[in-house]
Amino acid sequence: MQSNLTSAECCAICGKPQIYIRNLQKALGLPGPCKDAGYSKPHVCFLQRVIALRTFNVPLENIADLLVKEKNLLRLLKLDALSHSTTWHIDQCGDKGNPARRLLLTGYDVGFPLAQGAIQANLDFGNRDKELFEGKEMGEDIRRALDACLQATAALKSRIQREQPVLKYALKWARTHCNC
């Protein structure tokens, strides 16, 4: 069993105050940890990713949009049936495994190289309530969801590339002028 971190430990790891972390979670629709449960390590890793994207000046709306797209893709792959956790979509967040198979924000390993798109969409990992209509009848398409995810990810990566020189200069300036 993995040990969870307190709110203070989470804030220390993320380098942000509790109000900042709470506001991030609220903006992204993430539940805070239960009073006694604390933050799981994957939850903290996810928050660190969001904070890194914000450091690169990625708007919170773009991050929230990518999170929605990734969750939608994971639901279409029926990976939500693997867990009853309210944070099932970020419970794999980390740096282990093949990055080519992991979603950028949630870190979820989808089981296939994302760029190649060899999707196994017919797997069902658990019971879920039956829908009135099948997903395809309601306009859901896993290929379209994957493409939307990949496009949003590419836009974020492009933003990061554009911001890197600015961040490098800011760090250099801070070392020179602020004794940091």
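Everything in this summary refers to the structure shown in the same document. (Residues numbered from 1 in each chain as written. Predicted model: local features only at pLDDT ≥ 70, side-chain atom pairs only at ≥ 80, totals over all residues. Heavy atoms only, no water.)

**Quick notes on the layout of surface pockets**
Thought 1: What the second largest pocket holds in volume is close to 290 Å³.
Thought 2: Pro99, Arg102, Leu103, Leu104 and Leu114 are the residues nearest the centre of the second largest pocket, which is lined by 19 residues in total.
Thought 3: Contributions of two or more residues to the lining of the second largest pocket are made by α4 (60-76) and α5 (142-177).
Thought 4: Looking at the lining of the second largest pocket, the element that brings in the most residues is α5, giving 5 residues. (1 Å grid on protein atoms, 1.4 Å probe; cavity = no way out; pocket = protein on both sides within 12 Å on 5 of 7 lines; lining within 4 Å. Points joined across faces, edges and corners; volume = space filled by probe spheres on them. Helix = DSSP H or I, 4+ residues; strand = E, 2+ residues; numbered from the N terminus.)

**Points about helix α1 (residues 7-14)**
An α-helix turns once per 3.6 residues; consequently, residues spaced three or four apart project the same way.
Thought 1: Considered for burial, the residues of α1 that qualify are Cys10, Cys11 and Cys14. Across the axial projection of α1, the buried residues extend over an arc of 95°, all falling on one side. The outward face of α1, more than 90 degrees from its buried face, is lined by the exposed residues Ala8 and Ala12.
Thought 2: Buried positions along α1 lie against α2 (18-27) and α3 (41-55). (Buried < 20%, exposed > 50% of the residue type's maximum accessible area, 1.4 Å probe, protein only. Arc of directions from axis to C-beta. Contact = heavy atoms within 4.5 Å.)

**Comments concerning α5**
Thought 1: Across its 36 residues, α5 extends 51 Å between first and last C-alpha, which sits within 8% of the 52 Å expected from 1.5 Å per residue.
Thought 2: At Glu163, α5 shows its largest bend, some 40°, and a proline, Pro165, comes one to four positions later.
Thought 3: Residues of α5 that are buried include every one of Ile142, Ala145, Leu146, Cys149, Ala152, Thr153, Leu156, Ile160, Glu163 and Ala174, and no others.
Thought 4: Looking at the buried residues of α5, the elements they touch are α3 and α4.
Thought 5: Asn179 sits one or two residues past α5 and shows a positive phi near 55°. (Expected span 1.5 Å × (residues − 1). Bend = angle between axes of the 7 residues up to and from the residue.)

**Notes on unusual backbone geometry**
Thought 1: Its identity as a non-glycine residue notwithstanding, Asn57 has a phi of 65°, on the positive side.
Thought 2: Secondary-structure assignment places Asn57 in the loop between α3 and α4.
Thought 3: Non-glycine residue Lys78 carries a positive phi angle of around 65°.
Thought 4: Within the element layout of this structure, Lys78 appears in the loop between α4 and α5.
Thought 5: Since its relative accessible area comes to 24%, Lys78 is described here as partly exposed.

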